[in-house]
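# Architecture at a glance
Here is what each chain is made of, one letter per residue.
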Amino acid sequence: MTEQKFFAQPNETEWTELAPGNTRRVLIHTPELMQVEFGFEKGAVGALHSHPHIQVSYVAEGSFEVTIDGVTEVVGEGGSFIVPSGLVHGVVALEKGRLVDVFTPHRADFL
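Cut-offs and rules
Residues numbered from 1 in each chain as written. Predicted model: local features only at pLDDT ≥ 70, side-chain atom pairs only at ≥ 80, totals over all residues. Heavy atoms only, no water. Pairing = 2+ DSSP bridges. Helix = DSSP H or I, 4+ residues; strand = E, 2+ residues; numbered from the N terminus. Axes fitted to C-alpha atoms, helices over the stretch in contact; angles between N-to-C directions. UniProt positions renumbered as here; feature names shortened; annotations may be inferred. Phe/Tyr/Trp six-rings, centres within 6.5 Å; stacked < 30°, edge-to-face > 60°. Lys NZ or Arg CZ within 6 Å of the ring centre and 35° of its normal.

The protein chain is annotated in an unreviewed UniProt entry as Cupin domain protein of Devosia equisanguinis.

Next comes the structure, spelled out in structure tokens:
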């Protein structure tokens, strides 16, 4: 059995480039839950997509145009949004920014 990790320290995990101006790093996870940080340069796009996981996102820095199930709203630093399972969603960075996303269950495709 794998030992459960309880703590994650800053800069402990590597960033992965997803697209120009768009990076991701998995911060910590269990089979049931995962926390991931995304970095965006101004104008970078998190393309529209869907997945079976429930997602909640916190805007740690910047502001984003967020579209969920065809509804678009600007969410600024300190704001949050939730994406129910299966809904099409995506973001556009209106300025340089970071999102901290939590998924349940974990995203095996990110590991």
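Attention now goes to the sheet that holds strand β4 (residues 45–49). Taken in spatial order, the four strands line up as β4-β9-β6-β7 in an open sheet, and their pairing is antiparallel. Taken across any chain shown, the strands that pair with only one partner, and hence form the sheet edges, are β4 and β7 (71–76). This sheet shows a mean twist of 20° between the axes of neighbouring strands, independent of strand direction. Two elements, strand β6 (residues 63–68) and β7, share six bridges in a ladder whose sense is antiparallel. Residue pairing in the sheet places I68 in a bridge with V71 of β7.

Let's shift gears to the UniProt feature "domain: Cupin type-2" (unreviewed entry) in the protein chain. When the UniProt feature table is mapped to this numbering, "domain: Cupin type-2" (unreviewed entry) covers residues 38–100. Secondary structure content for residues 38–100 is 0% helix and 65% strand, while the C-alpha to C-alpha distance between its ends is 6 Å.

One pass over the structure, following the stated rule, counts three aromatic pairs. Ring pairs connect the aromatic residues F38, F103 and F110, which therefore count as one cluster. Across the ring face of F110, the terminal group of R24 is positioned such that the distance to the ring centre comes to 3.9 Å. The cationic tip of R107 hangs over the ring face of F103; the distance from NZ or CZ to the ring centre is 5.2 Å.

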